[in-house]
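Residues per chain, in single letters:
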Amino acid sequence: METNITERIQSLLAQVFHVPIEEIKPDLGFGDLPQWDSMGHMDVMLSLEEHFSLQIDTETISELTSIPAIREHLEKKAANV
Amino acid sequence: MSKYSLEISPVITIPAYLVGEVKSKLAYVDEHIMKAEVTSAGDKIILHLDIEANEGLYNRIVPKIQRVVQALVKGAFKSKIQILEDFIDRPVPCSIDPMPELLRRGELSQEASGIFVLGPLLTRLVAYLERRFIELADSFGAQPYRFPTLIPARFLERVKYFSAFPHSLTFVTHLRTDLDAIDHFANQAVCDEKGLNVPPESFAQVETLLSPAVCYHLYFALAGKTLLDGQLIATAVGNCFRYEASNLISLERLWNFTMREVIFVGTKDFVLDHRELGRQRMNKVFEEMGLAYRVESANDPFFIGEFRRQVAFQSAFQLKYEIRARLPFKDPPSVPETDYATLAVGSYNYHQDFFGRNLDISLPDGSPAHTGCIAFGLERMAFALLSQYGLELKSWPASIRKMLM
């Protein structure tokens, strides 16, 4: 399951940043790609909300700054459903 | 106010927390807009125009107005305002707009929209404020810098300034280095009420702008370098320029204004700790000044394309807090404290590693440097104090009074 979620996040980020999926390493974080800046970060948040049908609150936006952090958040959300 | 007005129903009702932002952006929609108002219910926009709104103008303006509303309101993110200090109810003796009296006494004279000459009283007050801010800089052992007023376009491009704040840029040019163009200018240049009557092709390509902020110069000076000590604290005062169209009013919004900044470069903790320490130290200074103010979370005035996302980002990461001073003359009687009119007179800013990454400023471990600054708008701070204490020195707190005599 872990790999599956990571891959889904990688695929989503590749779409958001318009880069080949090979450039989205599993531990990618904010600032590692020029596209993952403040604007890019908010695009990621909006895409996560849409793709995983969830709502991300203000406090969480500042925590989801890497693929592992996003994965952890999604797993926690899934466990709470 | 203009006799020509135009009422428009926005395509989406504007929520109360966005009314101010929408109003300020409407000033940039069309050159014929002298003033824009939005009803408190957010369901009507009233534009005051300098010409009568014929069908052509209506068809040109309305879609642009709706574009601004859509961009700012649709899917907008409501930031939670975080208040760090609240001294807005500090008693102050004055509730009169100081502008008319300052102009009458010659303490202030207007050269053009957003451009003022300060007389002796305001100059002494600004000098007093400067001393207090330099004391703050000295308390950190900040190194003094002097920065130019001009800033190269290529620098601003590197930090993505053009897409974030295109509306407020002020460009600098000169005549083309061409004898015919220079001779033609010397013989033909005339200023009419609209400005200098010179064909645009007489001017050279824009390579520089007037600087919109002070701290950028330090970051550009550090570009491509490694901070050998791992940290730097600097201070500088400088002229800053932000064009605000019809929003330019009194000393509240100047095109040409002065900022004193204390700038921190280092690790994330270093920058955040010093920003916080600076806030605590200024709390005591403002108490001594008797300033009625609060410090609350805020956002930079991004233009419409990036507004929604940048504002959400700044709020989520708590990047900016503004010192908002009360302007008592703007409050109707019995207005609750929460609704007091305020003016941003300074800010505590954290830029994360944005400048470090984009300008390649490194720490000794190779990671990008983090930056932050504490910025004070000197004219605005002086204006807020004059609004709270008036022009008669006997009403002023003793500590300031003796410095103004």
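The sections below set out a description of the structure shown in this document. (Residues numbered from 1 in each chain as written. Chains lettered and ligands numbered in written order. Predicted model: local features only at pLDDT ≥ 70, side-chain atom pairs only at ≥ 80, totals over all residues.)

**Focus: the interface of chain A and chain B**
- At the interface, eight residues of chain A touch eleven residues of chain B.
- Among the secondary structure elements, those contributing two or more residues to the side of chain A that touches chain B are α2 (38-51) and α3 (58-61) of chain A.
- Here the element with the most residues in the side of chain A that touches chain B is α2 of chain A; it accounts for four residues. (Contact = placed C-beta atoms within 7 Å. Helix = DSSP H or I, 4+ residues; strand = E, 2+ residues; numbered from the N terminus.)

**Thoughts on the nonpolar core**
- Ranked by size, the top nonpolar core spans 72 residues in total, and within it Y219, A382 and L385 of chain B carry the most contacts.
- The dominant element in this core, judged by the number of residues it contributes, is helix α12 (residues 378-389) of chain B, at eight residues.
- Beyond its immediate sequence surroundings of up to four residues, Y219 of chain B is in contact with F355, L359, I361 and T371 of chain B.
- Grouped together as the second largest cluster of nonpolar side chains are 37 residues, M42 and L64 of chain A together with I14 and L72 of chain B included. (Core = buried A, V, L, I, M, F, W, Y, C linked by C-beta atoms within 7 Å. Buried ≥ 20, exposed ≤ 12 C-beta atoms within 10 Å, placed from the backbone.)

**Considerations on α2 of chain A**
All names here are of chain A.
- The end-to-end C-alpha distance of α2 is 20 Å, a good match for the 20 Å that 14 residues give at a rise of 1.5 Å each.
- Looking at α2, one finds that the buried residues are S38, H41, M42, V44, M45 and L48. Seen end-on, α2 carries its buried residues on one side only, within an arc spanning 150°.
- Looking one or two residues beyond α2, the residue adopting positive phi is S53, at roughly 45°. (Expected span 1.5 Å × (residues − 1). Arc of directions from axis to C-beta.)

**Here's the deal with the packing of helix α1 (residues 19-26) of chain B against helix α2 (residues 55-73) of chain B**
Residues and elements named next belong to chain B.
- For the pair α1 and α2, interaxial distance at closest approach is 10 Å and the crossing angle is 145°. For α1 against α2, the interelement crossing comes out right-handed. Residues E21, V22, K25 and L26 of α1 touch α2, and the partners they reach there are I65, V68, V69 and L72.
- For the contact of α1 with α2, a count of residues per class yields six nonpolar, no polar and two charged. (Axes fitted to C-alpha atoms, helices over the stretch in contact; angles between N-to-C directions. Left-handed = near helix turned anticlockwise from the far one by under 90°. Nonpolar A, V, L, I, M, F, W, Y, C, P; charged D, E, K, R; others polar.)

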